[in-house]
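# Survey of secondary and tertiary structure
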Amino acid sequence: MKHGLSHIGKRGEAKMHKGEKTEERKSGPFLIALSAVVLGLVAGGILMAAIKENPIEAYLYMFRGSLMNSERVGNTIATSTTLFFTGLAFAFAYKTGLFNIGCSGQMLAGGLVATIVAHYLFLPRPLYLAALLLCAVLGGALWAAIPGFLKAKFNVHEVVSTIMMNWIAYWSVYYYIPAYLKGPSLETESSAIAVTQSLRTPWLTNLFAGSTYINLSVFVAIVALAAVQFCLSKTTLGFSLKAVGANKSCAEYAGISVNSSIVLSMMISGALSGLAGLSYYTGYSLNMQIGVMPSQGFDGIAVALLGASSPVGVLLASIFFGILQSGKGFMNAMTSVPPEIADTIISVIIYFTATSILFERLWNGVFRTMRGKRNAKITNSDAAARAAQGGR
């Protein structure tokens, strides 16, 4: 009998330990990201209160500016789409052990190639869109292949080489636009792409009540999300790329070509950044300006970090950042809160996301305390039940 009770007790302990492990998983990426967002918004509210503005009223105007009607929703989606591509580009490289700081330069490269195609290539629209998409992908991929090759062949750190490539792209655009694509009135920007040569389409504009920024890149983003998710989780290629990022020596011992994997990973990341250039320059703005390093490339790092480098997380983070970016102008128009407050909120969120280990420990401590109280309550109730049975 004692042996049976002992066996039952051990089994109960095992179940308890199993339950503890399950509960510890609650302090996962979603909870950490949510904590960072809440603290970022609180920090923004404190700054607003410091300049004697009502934070709740300001936030309401910010969200209204992004979501109060179909047109603004369309504009917010268009803003989020570019951020999604750069965020996904960084996340893909990060998942495979690389730190791609060159999303801005790859976005410029893809956008420049797409802009050139939009000005000089005239085909039936389905063929034209396919060619435009392919050229933007190739532009970004080839630009990223250079730091990938330097990393694989000479072990040049990708952070250094991608930053250098950003500025090479910047000055290349600075030279090429005035020389070959100069606008009729300004030398600082290219001539506008015709709407028929852009990613904009009338039915999508009408669907969002006249939004002039929403474009077909939204559907490209959906396909990219599914493709990256499938590649990383379901394919041999994705496994090989992640294995190289986790441990080069083990991957090489397993027969994986490390150098090829590094170059390929950077090229895929660059291709996604090229799609960001396609989305922004041929869908959102319809021209390229010189002397501007696209901030979306760096904002994409924040998007990827907040989204825990998972494709779905990147999607949600890009939508949130898109809301902040689209709504800050309306907030500034309706209150005295400067639009830079949105950038401050993003910065604070990045800071808290980067210190995710603190949140993990915090939430694990909270769950451990709750679990201890629950176990103590169960123990006390069991003792009371045994005492009642003994009294009888």
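Residues numbered from 1 in each chain as written. Predicted model: local features only at pLDDT ≥ 70, side-chain atom pairs only at ≥ 80, totals over all residues. Heavy atoms only, no water.

### Some points on the packing of aromatic side chains
Under the counting rule described, the total for this entry stands at 18 aromatic pairs. Pairing F149 with F154 gives two aromatic rings, centres 6.1 Å apart and planes at 85°, and the pair type is edge-to-face. The class for F149 is partly exposed, based on a relative accessible area of 44%. Residue class for F154 comes out exposed when judged on its relative accessible area of 54%. Measuring from centroid to centroid gives 6.3 Å for Y175 and Y180, while their planes differ by 80°, and the two rings are edge-to-face. What makes Y175 exposed here is its relative accessible area of 53%. The partly exposed category is assigned to Y180, whose relative accessible area is 46%. Ring pairing ties together the aromatic residues W167, Y170, W171 and Y174, which thus form one cluster. (Phe/Tyr/Trp six-rings, centres within 6.5 Å; stacked < 30°, edge-to-face > 60°. Buried < 20%, exposed > 50% of the residue type's maximum accessible area, 1.4 Å probe, protein only.)

### What about helix 6 (residues 125-154)?
Taking 1.5 Å as the rise per residue, helix 6 with 30 residues should run 44 Å; its terminal C-alpha atoms sit 43 Å apart, in good agreement. Within two residues after helix 6, N155 carries a phi angle of roughly 55°, on the positive side. (Helix = DSSP H or I, 4+ residues; strand = E, 2+ residues; numbered from the N terminus. Expected span 1.5 Å × (residues − 1).)

### Things to note about the confidence of the model for the protein chain
Scored by pLDDT, the protein chain has a mean of 89; 91% of the residues are at 70 or more. Segment residues 1-25: pLDDT under 50, and 7 contacts once partners within four positions in sequence are set aside and those in other chains are kept. (pLDDT = per-residue confidence, 0-100. Contact = heavy atoms within 4.5 Å.)

### Section: the packing of helix 4 (residues 70-95) against helix 13 (residues 296-306)
For the pair helix 4 and helix 13, the least separation of the axes is 7 Å and the interaxial angle reads 65°. Regarding the angle of helix 4 to helix 13, the classification is roughly perpendicular. In terms of crossing hand, the pair formed by helix 4 and helix 13 is right-handed. Contacts between helix 4 and helix 13 pair T82, L83, T86, G87, F90 and A91 from the former with Q296, G297, D299, G300, I301, V303 and A304 from the latter. (Axes fitted to C-alpha atoms, helices over the stretch in contact; angles between N-to-C directions. Parallel < 35°, antiparallel > 145°, perpendicular 65-115°, else oblique. Left-handed = near helix turned anticlockwise from the far one by under 90°.)

### A word on the side chain of S191
As for its position among the elements, S191 is in the loop between helix 7 (158-180) and helix 8 (202-207). Within the local environment of S191, its side chain forms a polar contact with the side chain of H119, the two groups lying 3.0 Å apart. Once residues lying within four places of it in the same chain are set aside, the contact partners of S191 are H119, L181, K182, G183, P184, L286 and N287. (Polar contact = N/O pair within 3.5 Å; in protein donor to acceptor, adjacent residues only side chain to side chain.)

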